[in-house]
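# Observations on chain architecture
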Amino acid sequence: MPKLKSNRGAAKRFRRTASGFKHRQANRNHILTKKASKRKRQLRGLEDVAHADVARVRQMLPGKAR
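In what follows, the accompanying structure is described. (Residues numbered from 1 in each chain as written. Predicted model: local features only at pLDDT ≥ 70, side-chain atom pairs only at ≥ 80, totals over all residues. Heavy atoms only, no water.)

## Focus: the sheet that holds strand β3 (residues 46-48)
Pairing is antiparallel across the open sheet formed by three strands, whose spatial order is β1-β2-β3. Of all the strands in the sheet, just β1 (14-16) and β3 have a single pairing partner and so form its edges. Across the sheet, the axes of successive neighbouring strands diverge by a mean angle of 35°, strand direction being ignored. Pairing geometry for β1 and strand β2 (residues 21-24), over three bridges, is antiparallel. (Pairing = 2+ DSSP bridges. Helix = DSSP H or I, 4+ residues; strand = E, 2+ residues; numbered from the N terminus. Axes fitted to C-alpha atoms, helices over the stretch in contact; angles between N-to-C directions.)

Have a look at this one:
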C-alpha cells in the first residue's frame, strides 16, 4: 500500500498537540494601524482548532494523527 500524502497547505497551518490541533489566529497580517494594541496583543499565539473541525484536519494530516 502506498504512503499517505499529507495536505501540504494544512501541514503549514496546523500544529499537533496532545488534545488536538492548534492554528494561528486571523486578522494579524496587514492593516494593523487601525487595530487597537489590545486587539493585536490578544491575537498573538495559537488557538485550538474547533472540535467540529478536528476530524477534517486529522484527515488532511494522516501522518500526524494519533
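## A few points about the packing of aromatic side chains
Enumeration over the complete set of coordinates arrives at zero aromatic pairs. Here the guanidinium or amino end of Arg16 rests over the ring plane of Phe21, the centre of that ring lying 4.9 Å away. (Phe/Tyr/Trp six-rings, centres within 6.5 Å; stacked < 30°, edge-to-face > 60°. Lys NZ or Arg CZ within 6 Å of the ring centre and 35° of its normal.)

## Quick notes on the pairing of β2
Connecting β1 to the antiparallel partner β2 that follows it, the hairpin turn spans four residues. In this structure, β2 lies alongside β3, joined through three bridges in antiparallel fashion. For Arg24, the partnering residue across the bridge sits in β3 and is Leu46.

## Brief notes about the environment of Met60
Looking at where Met60 falls in the secondary structure, it is placed in helix α3 (residues 54-60). Distance in space between the C-alpha atoms of Met60 and Arg15 is 12 Å, their sequence separation being 45 residues.

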